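# Overview (structure and organization)
Listed below are the residues making up each chain.
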Amino acid sequence: MTIIEAISRLDSLKPNIYTQNDKILWLSKLDWMVKKQIIDTHESTGDEPFTGYTDDTDINKELLVPAPHDDVYLRWLEAQIDYHNGEYDKYSNAIIMFNTEFEAYAAYYNQNHRPVNRGKRFLF
């Protein structure tokens, strides 16, 4: 899924007042979490370093989480909108749905990628 695909899908499902730049920054925050918590804990596949997204980023850039797990972006954006609207009951439900998607992707990634070798540790 690309940045613009995520934003367009969200806007068609959940009309909102937030700018494209707001959503790009939210997507950037999520991909930073994906990179630090999931990808960086496994051996490198030679991918380029992640530098985040800004309003200058090409909106056709692919996001880090591939299909079929890319619904994580929609759940994240929905949660951000609900939170910033002060709709905390909706936010609570949306963040639970996001966490479910995020954990499913993390489990998939863990099963298909070798963890970083931290070296041997001895306890004395």
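Heads up: the structure comes first, above all this text.
What counts, and at which threshold
- Residues numbered from 1 in each chain as written.
- Predicted model: local features only at pLDDT ≥ 70, side-chain atom pairs only at ≥ 80, totals over all residues.
- Heavy atoms only, no water.
- Helix = DSSP H or I, 4+ residues; strand = E, 2+ residues; numbered from the N terminus.
- Buried < 20%, exposed > 50% of the residue type's maximum accessible area, 1.4 Å probe, protein only.
- Polar contact = N/O pair within 3.5 Å; in protein donor to acceptor, adjacent residues only side chain to side chain.
- Contact = heavy atoms within 4.5 Å.
- Phe/Tyr/Trp six-rings, centres within 6.5 Å; stacked < 30°, edge-to-face > 60°.

Before going further, it helps to examine the side chain of D82. Considering the arrangement of structural elements, one finds D82 in helix 3 (residues 71–84). Given the relative accessible area of 3%, D82 is considered buried. Among the polar contacts listed, one links the side chain of D82 to the side chain of K14, at a separation of 2.9 Å. Residues within four places of D82 in sequence aside, it is in contact with K14, E87, K90, Y91 and A94.

As a further point, take unusual backbone geometry. Cis peptide bonds are those with omega within 30 degrees of zero, and the linkage from A67 to P68 qualifies with 10 degrees. Within the secondary structure layout, P68 lies in the loop between helix 2 (20–37) and helix 3.

This paragraph deals with the packing of aromatic side chains. Under the counting rule described, the total for this entry stands at nine aromatic pairs. Taken together, the ring pairs in this structure connect W32, F50 and Y53 into an aromatic cluster.

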